[in-house]
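# A closer look at the structure
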Amino acid sequence: MAVSYAVARAGVPSTASFRQWVEAALRGARRRKRAEVAIRIVDAEEGLALNRDYRGKAYATNVLSFPAELPPGVDLPLIGDLAICAPVVAREAAEQGKKPRDHWAHLTVHGTLHLLGYDHIEDGEAEAMESLEASILATLGIADPYA
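A regular strand places its side chains on the two faces of the sheet in alternate fashion. A one-sided burial pattern is seen for strand β1 (residues 2-5), the buried positions being Val 3 and Tyr 5 and the unburied ones Ala 2 and Ser 4. Bridge analysis of β1 against strand β2 (residues 36-42) gives four bridges, and the strand direction is parallel. What sits directly across from Val 3, in β2, is Ile 39. Read from β1 through helix α1 (residues 15-28) to β2, the crossover connection turns out left-handed.

Pasting the structure below:
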């Protein structure tokens, strides 16, 4: 796993923390094959540009997931990339009364599950994904973010 920081590191978790959270998500989703994830911690400007260019939304969002689209015959463990917007994570944690570290963990788990194909567009999918997230976070000692 690789983590790149496009923001100051103060208040942003370490690479080891991101690795722990990604591995917890993979275990929780029962992913048995080796998996690689690249994470980029972005500022609001880059977060806005990514969300605008890839989702057509004119605001920075907390986490974006980019599943790997490998050509046929290329057998790599890369499952995709995550872009996590540091100022959005900090703002949301404060607004929601959550510990910043817990919110970082939640968004990392959430994004990793997206890379594995989980989604929350339909109500049933959302309930299943949120339940799995809460279960994974519980293994890390983090309260249900949806409660």
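Phi is positive for Arg 30, which is not a glycine, with a value near 60°. Judged by relative accessible area, which is 64%, Arg 30 ranks as exposed.

Attention shifts here to the environment of Glu 133. With respect to the helices and strands, the residue Glu 133 is situated in helix α5 (residues 123-139). The buried category is assigned to Glu 133, whose relative accessible area is 0%. With 12 residues separating them along the chain, Glu 133 and Pro 145 place their C-alpha atoms 8.6 Å apart. Residues in contact with Glu 133, not counting those within four places in the same chain, are His 106, Val 109, His 110, Leu 113 and Tyr 146. Of the polar contacts made by the side chain of Glu 133, one reaches the side chain of His 106; its length is 2.5 Å.

Thresholds applied
- Residues numbered from 1 in each chain as written.
- Predicted model: local features only at pLDDT ≥ 70, side-chain atom pairs only at ≥ 80, totals over all residues.
- Heavy atoms only, no water.
- Buried < 20%, exposed > 50% of the residue type's maximum accessible area, 1.4 Å probe, protein only.
- Helix = DSSP H or I, 4+ residues; strand = E, 2+ residues; numbered from the N terminus.
- Pairing = 2+ DSSP bridges.
- Right-handed = clockwise from strand over helix to strand, strands pointing away.
- Contact = heavy atoms within 4.5 Å.
- Polar contact = N/O pair within 3.5 Å; in protein donor to acceptor, adjacent residues only side chain to side chain.

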